[in-house]
Amino acid sequence: MKLRWKMIVLFVSLLVLLLMVQGYFVHFLRKPLFLSSLFGLMIVIPLAYLVAIFFTRPIRKMTEMAKQLAKGGLKREVDVDPEDELGRLSKAIGEIGAELRNRIEEISKEKDYLQTVLRGMMEGVLVVDGRGHILTVNDALRNLLSLSSTLIDKTPLEVIRNSELEGAIRRVIETGKNVTFELNLPSSGGKTFEVNVVGLSPSPEVTALQREGARGAITVFHDITRLKELEKIRQDFVANVSHELRTPLTTIKGYAETLLGGALKEEVAPQFIEIINRHADRLAKIVEDLLMLSKVESKEFYLKPERLPLAELINDVVGFVKEAAEKKKISILQSDVPISLSVEADRAYLEQVFTNLLDNAIKYTSEGGKVTLSAIDKDQKEIQFSIKDNGIGIPKEELHRIFERFYRVDKGRSKELGGTGLGLSIVKHIIQAHGGKIWAESELGKGSTFYFTLPQRRWNIGTIEGRPE
Ligand code: ADP
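Owing to the predicted nature of the structure, the values given are computational and were not obtained by experimental measurement. (Residues numbered from 1 in each chain as written. Predicted model: local features only at pLDDT ≥ 70, side-chain atom pairs only at ≥ 80, totals over all residues. Heavy atoms only, no water.)

*Asks:* Whenever I open this one, the overall build of the protein chain confuses me. Can you help?
*Replies:* The helix and strand inventory of the protein chain stands at 14 helices and 12 strands. Along the longest, intermediate and shortest principal axes, the C-alpha atoms of the protein chain span 160 × 60 × 40 Å. Per-residue burial for the protein chain yields a buried fraction of 38% across its 469 residues. Looking at the protein chain alone, contacts between residues at least 24 apart form 61% of all its contacts between residues at least 6 apart. Summed over all atoms, the accessible surface of the protein chain reaches about 28,600 Å², with 58% contributed by carbon and sulfur. Between the averaged position of the 66 positive side-chain charges in the protein chain and that of its 63 negative side-chain charges there is a distance of 8 Å. (Helix = DSSP H or I, 4+ residues; strand = E, 2+ residues; numbered from the N terminus. Buried < 20%, exposed > 50% of the residue type's maximum accessible area, 1.4 Å probe, protein only. Contact = heavy atoms within 4.5 Å. Areas by Shrake-Rupley, 256 points an atom, 1.4 Å probe, with all protein chains shown as cover. Lys, Arg positive; Asp, Glu negative; His and termini not counted. Charge placed at Lys NZ, Arg CZ, Asp CG, Glu CD.)

Given below as C-alpha cells:
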C-alpha cells in the first residue's frame, strides 16, 4: 500500500478512536465534553506517538544509510516495505550506493595504475593545480633534485627555486598552451633537463565561458645531461679532426703552389717535394688512426681470440720496434716474463697495443735510455703487463687525460715525432674489448710506466669472433 494511504487510514483510525472514547465518556459515564475530550486525547496521544515511531523507523534507518554512503561504507539496503515510497527511496539510495562503490573502485584502480606509471618513470614528473600549487611529485624527480618529502600545496618556486620554471608553469596555466625548454638546475648537481609543461584540459564551465587557460599543469623533466655531453664530445672531435687535417693540408698546398709557380725548376724542388711527401704521410697516418679508432669504438668491433704463448708474442713485438730503439741507442729489456704462460687474445690487436706503447716509450725517452717490459701472472686470474721507460715523464695533472682522443702533453713534440694523439685511445679500446684495464704512472723527468691487464679466462665457447665472457 502507498504511504499516503497508510497515513490516511491511520489518521482516520486515530480520529475514530478519539471520537469513540469521547462518546463513551459523554454518553455512558455522563462526563462533561471537555473532560471526555481530555480522556480521549490521553489515550490517543501515546498511541499516535507509538505509530509515529513505527513510521519514522525506516526514515531513521535511511538517514543512517545515507551517512554510511557518505563515508563510502554502504553494504546493504534497509528492510522496509518495498512497495511504498520509503521502500523505493531506500532502493534508490541502495542503487546510488552500489554505483558510487563501483565508481570509487574504478577511480582507485586508475589512481593505482597512474601511481605505478609515475613511480616507474625515469623522467621526473610534477603536477600542479590551477593555482600553481603542487599536487604530486614522482620519486624520480624527488631523487633527481633531492627534494624533501613535504612539497604538497607548495609552489614549484618554493621547492625547486627556479623562476624560469615557475614562470613557464604559470604561463601554461594562464594560456593553456604547452611549452618545452631546456633547463639547467644547480640543485640536481648541474644536470641539464628538457622540460615539457603540458596544461591539463580546462573544466567544462571554463570552456563554456570561452576562457583560455588550464586546470593545472603536468611538468615532465627529461635528463639530457649525457646527451649534451656526447654532443659536446662529438663537436670537439669534429673540431679536432678538422684542425689536425688542416695543418698538413695547408703545408702540402703551399709547397705545391710554390712548385707550380716556378720553383719546380729550382734547386729547392726536391726538398719541397720531400716536405709534401712527409705531410702526405702524416695525413695518411691521421686518417689511418681515425679509421682504426672508429673501428675499435664501434659496437661491431669483434676480436678473433687465439691462445698466444707470451714469450713468442713479446719477442715479436720487441722485434717490430728494434730499429727505432737502436737508432736512439735505447735498450729494451724483458723482466719477469713467465716463459710458459700464454694468453687468449686477438694477435693483431694485441701486437698493436704493444707496438704503440713501446713506440711511445721510445719516442718520449732520450738517447741511451732504457725501456723495460714485464708480465706478471696475477693469481691466475689475469696477466698484468707493464712497459716502463726512463724518459721525459708526464705531469701528474695531465696523466688522467692522456687516453683522451687527440690529447697530447706537448703538441709540438708529438707532431715532430710523427704522433697523432690517437694511439693511447685506440690502445685503451682494444684492452677494454679484451676485458682488461689500462692505466699509467709517471714522474716528470724520471719516466713513465704504462700498465695493462688481460683476463685469464675462457672466451665464449663456439664463437670464433667475440668478446670475453
Ligand atoms: P701520440 O701520437 O702523440 O704519441 P698517444 O695517444 O700515443 O699520442 O699519446 C698521447 C700523449 O701521451 C703523447 O702525446 C704524450 O704527450 C703522452 N705520452 C704517451 N706515452 C708517453 C711516454 N711513454 N712518456 C711520456 N709521455 C707519453
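*Asks:* Help me understand the pattern of salt bridges, please; the structure alone is not making it clear to me.
*Replies:* Opposite charge on two side chains makes pairing possible when the charged atoms of those side chains draw close. A full pass over the atoms with the stated rule returns 19 salt bridges. The salt bridge partner of Glu 257 is Lys 253, with a shortest N-O separation of 2.7 Å. Of this pair, Glu 257 and Lys 253 both sit in helix 8 (residues 225–260), 4 residues apart, which is roughly one turn of that helix. Classification of Lys 253 by relative accessible area gives exposed; the value is 52%. Asp 410 is the partner of Arg 413 in a salt bridge, and the nearest nitrogen-oxygen pair spans 3.8 Å. A relative accessible area of 38% places Asp 410 in the partly exposed class. (Salt bridge = Lys/Arg side-chain N within 4 Å of Asp/Glu carboxyl O.)

*Asks:* Can you help me understand the site of the ligand in this one?
*Replies:* Taken together, 20 residues lie near the ligand, and Asn 360, Asp 389, Ser 414, Thr 420 and Leu 424 sit nearest. In this structure, an oxygen atom belonging to the ligand sits 3.0 Å away from a side-chain N or O atom of Lys 363. Computed on the free molecule, the ligand has an accessible area of 530 Å², of which 97% lies beneath the protein chains in the complex. Taken together, the elements giving at least two residues each to the shell around the ligand come down to helix 11 (347–363), helix 14 (423–433) and strand 12 (447–455). Broken down by element, the shell around the ligand gets its largest block of residues, 3 residues, from helix 11. Its residues placed into classes, the shell around the ligand shows 9 nonpolar, 8 polar and 3 charged. (Near = heavy atom within 4 Å. Polar contact = N/O pair within 3.5 Å; in protein donor to acceptor, adjacent residues only side chain to side chain. Nonpolar A, V, L, I, M, F, W, Y, C, P; charged D, E, K, R; others polar.)

*Asks:* Would you take a moment to explain the sheet that holds strand 12 for this structure?
*Replies:* Note: strands within a sheet are paired through backbone hydrogen bonds, in either parallel or antiparallel orientation. Spatially, 7-9-10-12-11 is the arrangement adopted by the 5 strands of the open sheet, whose pairing is mixed. Both edges of this open sheet fall to strand 7 (331–335) and strand 11 (438–443), since each of them pairs with a single strand only. Strand-to-strand, the axes of this sheet are offset by a mean angle of 15°, without reference to chain direction. Looking at chain direction, strand 10 (residues 382–389) and strand 12 are connected through 7 bridges and run antiparallel. Bridge pairing in strand 12 places Ile 383 opposite Leu 454. Strand contacts of helix 14: strand 11 and strand 12, with the helix running at about 25° to strand 12, the strand carrying the most contacts. (Pairing = 2+ DSSP bridges. Axes fitted to C-alpha atoms, helices over the stretch in contact; angles between N-to-C directions.)

*Asks:* Help me out: how do you make sense of unusual backbone geometry in this one?
*Replies:* Note on backbone geometry: most residues besides glycine have negative phi, and most peptide bonds are trans. The backbone of Arg 30 shows a phi angle near 55°, a positive value even though the residue is not glycine. Here Arg 30 shows up in the loop between helix 1 (3–28) and helix 2 (33–71).

*Asks:* Would you mind going over the side chain of Lys 363 with me for this structure?
*Replies:* Here Lys 363 is to be found in helix 11. The buried charged residue Lys 363 lacks any salt bridge partner; its closest oppositely charged side chain belongs to Asp 359, at an N-O distance of 4.8 Å. Sequence-distant contacts of Lys 363, defined by excluding residues within four places in its chain, comprise Lys 328, Leu 417 and Gly 419.

*Asks:* What is the right way to look at the environment of Tyr 302 in this model?
*Replies:* For Tyr 302, the location among the structural elements is in the loop between helix 9 (269–297) and strand 6 (305–309). For the pair Tyr 302 and Ile 107, spaced 195 residues apart in sequence, the C-alpha to C-alpha distance is 53 Å.

*Asks:* Can you walk me through helix 1 in this structure?
*Replies:* Helical geometry: 3.6 residues make up each α-helical turn, so side chains three or four residues apart lie on a common side. With 26 residues, helix 1 extends 37 Å from end C-alpha to end C-alpha; this agrees with the ideal 38 Å at 1.5 Å per step. Those residues of helix 1 lying buried are Leu 14, Val 21, Gln 22 and Phe 25. Residues of helix 1 that are buried sit in contact with helix 2. (Expected span 1.5 Å × (residues − 1).)

*Asks:* It is not clear to me how the nonpolar core should be interpreted in this structure. Could you clarify?
*Replies:* One broad trend across soluble globular proteins is that nonpolar side chains are buried collectively. Judged by nonpolar contacts, the single largest core of 52 residues is most densely connected at Leu 310, Leu 350, Phe 354, Phe 385, Ile 387 and Phe 452. Tallying contributions element by element places helix 11 first for this core, with 8 residues. The residues contacting Ile 387, other than those within four sequence positions of it, are Phe 354, Leu 357, Leu 358, Ala 361, Val 371, Thr 372, Leu 373, Ser 448, Thr 449, Phe 450 and Phe 452. Ranked by size, the runner-up nonpolar core spans 24 residues in total, among them Ile 134, Ile 160, Ile 173 and Val 195. (Core = buried A, V, L, I, M, F, W, Y, C linked by side-chain atoms within 4.5 Å.)

*Asks:* I'm lost on the confidence of the model for the protein chain in this one. Help?
*Replies:* Caution applies to low-pLDDT regions: their predicted coordinates should not be interpreted in detail. With 92% of its residues at a pLDDT of 70 or more, the protein chain shows a mean pLDDT of 88. Here residues 461–466 scores under 50 on pLDDT; set against residues more than four positions off or in separate chains, the count is 10 contacts. (pLDDT = per-residue confidence, 0-100.)

*Asks:* Please clarify how the side chain of Ser 188 should be interpreted in this entry.
*Replies:* Relative to the elements of secondary structure, Ser 188 occurs in the loop between strand 3 (179–185) and strand 4 (191–200). Since its relative accessible area comes to 9%, Ser 188 is described here as buried. Within the local environment of Ser 188, its side chain forms a polar contact with the backbone nitrogen of Lys 191, the two atoms lying 3.0 Å apart. Look past the residues within four positions of Ser 188 in its chain and what remains in contact with it is Leu 144, Leu 145 and Phe 193.

*Asks:* Help me understand helix 2 in this model?
*Replies:* Taking 1.5 Å per residue as the helical rise, helix 2 with its 39 residues ought to reach 57 Å, and the 55 Å between its terminal C-alpha atoms agrees with that figure. At Thr 56, helix 2 is bent by approximately 35°, the largest bend along its length, and proline Pro 58 sits one to four residues beyond. Of the residues making up helix 2, those classed as buried are Ser 36, Gly 40, Val 44, Phe 55, Pro 58, Met 62, Met 65 and Leu 69. (Bend = angle between axes of the 7 residues up to and from the residue.)

*Asks:* Could you clarify how one ought to interpret the pairing of strand 4 in this entry?
*Replies:* Along any regular strand the residues' side chains alternate between the sheet's two faces. The sheet contact formed by strand 3 and strand 4 spans 7 bridges and is antiparallel. Paired with Phe 181 across the two strands is Val 195, which belongs to strand 4. Two successive antiparallel strands, strand 3 and strand 4, enclose a turn made up of 5 residues, where Gly 189 displays a positive phi of approximately 85°. Taken together, the 8 bridges between strand 4 and strand 5 (residues 216–223) define a ladder with antiparallel strand orientation. Bridging from a neighbouring strand, Glu 194 pairs with His 222 of strand 5.

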